[in-house]
There are 2 protein chains.
Amino acid sequence: MAATMNRQILLKSRPAGEPSAANFELVGRPVPRPDEGQVLLRTLYLSLDPYMRGRMSAGASYAASAELGRPMVGGTVSEVAESRNPGFAVGDVVLSYAGWQDYALSTGGGLRKLDPKAAPLQAYLGVLGMPGTTAYCGLLEIGQPQPGETVVVAAASGAVGSVVGQIAKIKGCRAVGVAGGAAKCKFVVEELGFDACVDHRAPDFAQQLAAACPSGIDVYFENVGGVVQQAVWPLLNNFARVPLCGLIGQYNGGAPTPGPDMRSILSRRLTVRGFIVSDLAPKHPEAAEQLAEWYRSGRIKYREDVVAGLEKAPESFLGMLHGKNFGKLVIKVA
Amino acid sequence: MAATMNRQILLKSRPAGEPSAANFELVGRPVPRPDEGQVLLRTLYLSLDPYMRGRMSAGASYAASAELGRPMVGGTVSEVAESRNPGFAVGDVVLSYAGWQDYALSTGGGLRKLDPKAAPLQAYLGVLGMPGTTAYCGLLEIGQPQPGETVVVAAASGAVGSVVGQIAKIKGCRAVGVAGGAAKCKFVVEELGFDACVDHRAPDFAQQLAAACPSGIDVYFENVGGVVQQAVWPLLNNFARVPLCGLIGQYNGGAPTPGPDMRSILSRRLTVRGFIVSDLAPKHPEAAEQLAEWYRSGRIKYREDVVAGLEKAPESFLGMLHGKNFGKLVIKVA
């Protein structure tokens, strides 16, 4: 281990509305040395995900805020660079939550060893990781899609949405995606196998969505809010289910965005349920096993948007909030 | 059967906003004669319930609108006055859906024979009927209250709310009611045994509600919307459940009332589910058995507001929409 500098990207300030590069700060610190029982982790891949926007704010969210002056939080695939923990050997590859930095210490708690031969390592940050698990558990546990029903998901080319739609197809549903731009929509239909995908930037988006859902919508996997939600809501059938795990289209607004008229929830007997992936932990083992099987057999495909260089994390993250990524966004750190 | 006139209260027009007596018309028609296979029912008690407001409108609701020029719909306890159906004898008392009129014909389908010795007949329109079943199934199936949790219900002295709170107590929860005025609040606490009841007319209602729920709210049985919902929402705990079966406080507004900020549903992982009692039909037998047992053993009490005279139905119904009744509103027709 010749490296002596640990680059860290700190949360410097909390955004008021739209976040910007000024909210982050790149610093160089000495590489820490592990104490007895610890391991030193070297970050190979850093996952960038929409939920991180919530962590930047001080307001109550579903998890504690990231701390000011500390490295931004985030899931990583890391390699054990030094070990003073008998459970880990140098060269072991683990799933960790080391954040936006080159190196981190760990006591080993919460680390999950990965098999580099089973799948590309970065897949454990996407289809085989938190986003895939979110899609699996949220769709099946809360959405409860039945064969023949119509499932709609936004950000359909993204890490979560792409898996939602493909599972919907496996379960015998009509899968309709929403994405930004013709290229993403084409990918969602032609590569991922959705029945349709509608461009939310189209001036007649709502009409196009209605045309793509001739039997209405039975499950709306909600991860964006905003204009997509507004177009979806009138199409929801009686007894439709709305698993709600993100509102990326509303994260930057100052004032709360009013939700849909409660009378629609009553008259159509909708179920709207917010969740984060950890709430559904009892289903995680099933998800891991099933997703790995579908991945191996080629039934679930995915696309990655891999950006090289830790220093690119802020601008890549900010671009993702505007849909500039195409597929699961991952930073290749080392 | 000496009677020759059947008084009917027709739905004359649909309300634009607030309904009024002008939306109804009292007419006299000949008493119909049963054909072979039919019975003639004489209405003893007519149930008046908030859901009827929705039936007056043409807009899509959870059930078909009442028809213009036809008797208003409603549940009744009726007596068989003539029978040409071998399944029914003159004098049998049945639960029916005969509507706002003295007499109605039936083929016998959907009628349920009642035992006049088991309970006062009108109880089958309240605690042992649709309102009690709504409370039981909605609270237990959707609300899933756990011992030690806090359950809040509005219209707490009413037909549904009173049962919700008493079941919550039986299940080991803290039951907090909301009602209009000191007399109702006193009744809810002293007679029904709720832990607290807050007057929604108080200027510091929201503060009082917060004080009555020191550990927040885990189940909000939503049947009113409006200002009560606004006061409840900030108090909902993580993973709170909101069974939604009515919005009486919003029925008369023209424009849809925006719902709570979806971000609250996400960040606190709430479940909001609209339902009507028929959606939970698989649980009805259990509800009927359990409610009857609790009723017999005195564990569930209720209050009735019985008004004599079919002709009083419109003004009684309109008053109920403003909380003028005190207890389950029933019209004694004969």
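Residues numbered from 1 in each chain as written. Chains lettered and ligands numbered in written order. Predicted model: local features only at pLDDT ≥ 70, side-chain atom pairs only at ≥ 80, totals over all residues.

1. Topic: the relation of the copies chain A and chain B
Line of reasoning, step 1. In the superposition of chain A on chain B (RMSD 0.0 Å, axial shift 0.0 Å), the rotation amounts to 180°. Those values place the two copies in the arrangement expected of a two-fold rotation axis.
Line of reasoning, step 2. Take the interface residues of chain A: 100% of them recur as interface residues in chain B, which is what a same-surface contact looks like. (Least-squares fit on C-alpha atoms with pLDDT ≥ 70 in both. Contact = placed C-beta atoms within 7 Å.)

2. Here's the deal with the domain arrangement of chain A
Residue and element names in this part refer to chain A.
Line of reasoning, step 1. As assigned here, chain A comprises domain 1 (5-126 + 303-332) and domain 2 (130-283 + 288-294).
Line of reasoning, step 2. Measuring from the centre of the C-alpha atoms in domain 1 to the corresponding centre in domain 2 gives 27 Å.
Line of reasoning, step 3. In this assembly, 16 residues from domain 1 lie in contact with 15 residues from domain 2.
Line of reasoning, step 4. Take the side of domain 1 that touches domain 2: its biggest share by element is three residues, from helix H1 (residues 51-56).
Line of reasoning, step 5. Residue composition of the side of domain 1 that touches domain 2, by class: five nonpolar, six polar and five charged. (Domains from an automatic or database assignment. Helix = DSSP H or I, 4+ residues; strand = E, 2+ residues; numbered from the N terminus. Nonpolar A, V, L, I, M, F, W, Y, C, P; charged D, E, K, R; others polar.)

3. Some thoughts on the pairing of strand E14 (residues 304-308) of chain A
Residues and elements named next belong to chain A.
Line of reasoning, step 1. Taken together, the five bridges between E14 and strand E15 (residues 328-332) define a ladder with parallel strand orientation. Bridge assignment links Ala308 to a residue of E15, and that residue is Lys332.
Line of reasoning, step 2. Handedness of the β-α-β unit built from E14, helix H9 (residues 313-320) and E15 comes out right-handed. (Pairing = 2+ DSSP bridges. Right-handed = clockwise from strand over helix to strand, strands pointing away.)

4. Some details on unusual backbone geometry
Line of reasoning, step 1. Even without glycine at this site, Arg269 of chain A takes up a positive phi of about 50°.
Line of reasoning, step 2. Along the polypeptide, Arg269 of chain A turns up in the loop between helix H7 (262-267) and strand E13 (271-274).

5. Digging into helix H9 (residues 313-320) of chain B
Residues and elements named next belong to chain B.
Line of reasoning, step 1. Within the sequence span of H9, burial applies to Ala313, Pro314, Ser316, Phe317 and Met320. Down the axis of H9, the buried set is contained in an arc of 165°. They therefore lie on one face.
Line of reasoning, step 2. Elements that come into contact with the buried residues of H9 comprise strand E1 (5-11), strand E2 (24-30), strand E3 (39-47), helix H1 (51-56), strand E14 (304-308) and strand E15 (328-332). (Buried ≥ 20, exposed ≤ 12 C-beta atoms within 10 Å, placed from the backbone. Arc of directions from axis to C-beta.)

6. Things to note about the interface of chain A and chain B
Line of reasoning, step 1. Between chain A and chain B, the residue contacts involve 28 residues of the former and 28 residues of the latter.
Line of reasoning, step 2. Per-element accounting of the side of chain A that touches chain B gives the leading share, five residues, to H7 of chain A.
Line of reasoning, step 3. Of the residues belonging to the side of chain A that touches chain B, the class tally is 14 nonpolar, eight polar and six charged.
Line of reasoning, step 4. With three bridges connecting them, E13 of chain A and strand E13 (residues 271-274) of chain B associate as antiparallel partners. Residue pairing across strands places Arg273 of chain A opposite Thr271 of chain B, the latter belonging to E13 of chain B.

7. Points about the sheet that holds strand E10 (residues 196-199) of chain B
Line of reasoning, step 1. Strand order across the open sheet formed by twelve strands is E10(A)-E9(A)-E8(A)-E11(A)-E12(A)-E13(A)-E13(B)-E12(B)-E11(B)-E8(B)-E9(B)-E10(B), with mixed pairing between neighbours. Among the strands making up the open sheet, the edge pair consists of strand E10 (196-199) of chain A together with E10 of chain B. Strand-to-strand, the axes of this sheet are offset by a mean angle of 15°, without reference to chain direction.
Line of reasoning, step 2. When strand E12 (residues 236-244) of chain B meets E13 of chain B, the two strands line up parallel, connected through four bridges. What sits directly across from Val242 of chain B, in E13 of chain B, is Val272 of chain B.
Line of reasoning, step 3. Lying over the sheet, helix H2 (residues 130-143) of chain A contacts strand E8 (150-153), strand E11 (217-221), strand E12 (236-244) and E13 of chain A, oriented at roughly 145° with respect to E12 of chain A.
Line of reasoning, step 4. Seen against the sheet, helix H2 (residues 130-143) of chain B touches strand E8 (150-153), strand E11 (217-221), E12 and E13 of chain B and runs at an angle of roughly 145° to E12 of chain B. (Axes fitted to C-alpha atoms, helices over the stretch in contact; angles between N-to-C directions.)

8. A closer look at the pairing of strand E3 (residues 39-47) of chain A
Residue and element names in this part refer to chain A.
Line of reasoning, step 1. Most of E3 sits inside the fold, with eight of its nine residues counted as buried.
Line of reasoning, step 2. Pairing of E3 with strand E4 (residues 76-83), which is carried by seven bridges, proceeds in the antiparallel orientation. If you follow Leu46 over to E4, its bridge partner there is Thr76.
Line of reasoning, step 3. In the sheet, E3 pairs with strand E6 (residues 103-106) via four bridges, with the strands oriented antiparallel. Looking across to E6, one finds that Val39 is bridged to Ser106.
Line of reasoning, step 4. As defined by bridge partners, E3 adjoins E15 across three bridges and the pair is classed as antiparallel. Across the sheet, the residue bridging to Tyr45 is Lys332, located in E15.

9. Overview of the environment of Leu128 of chain A
Line of reasoning, step 1. Residue placement: Leu128 of chain A occurs in the loop between strand E7 (112-113) and H2.
Line of reasoning, step 2. For Leu128 of chain A and Ala292 of chain A, which are 164 residues apart along the polypeptide, the C-alpha to C-alpha distance reads 6.5 Å.

10. Concerning the packing of H2 of chain B against helix H3 (residues 161-170) of chain B
The angle between the axes and the distance between the axes are what describe a pair of packed helices.
All names here are of chain B.
Line of reasoning, step 1. One can describe the packing of H2 onto H3 by two numbers: an axis separation of 8 Å at closest approach and a directional angle of 45°. If you check the angle between H2 and H3, you find them oblique. The hand of the H2/H3 crossing is right-handed. Packed against H2, whose contacting residues are Pro131, Gly132, Ala135, Tyr136 and Leu139, the element H3 presents Val163, Val164, Ile167 and Ala168 at the interface.
Line of reasoning, step 2. Partitioned by chemical class, the residues of the contact of H2 with H3 number eight nonpolar, one polar and no charged. (Parallel < 35°, antiparallel > 145°, perpendicular 65-115°, else oblique. Left-handed = near helix turned anticlockwise from the far one by under 90°.)

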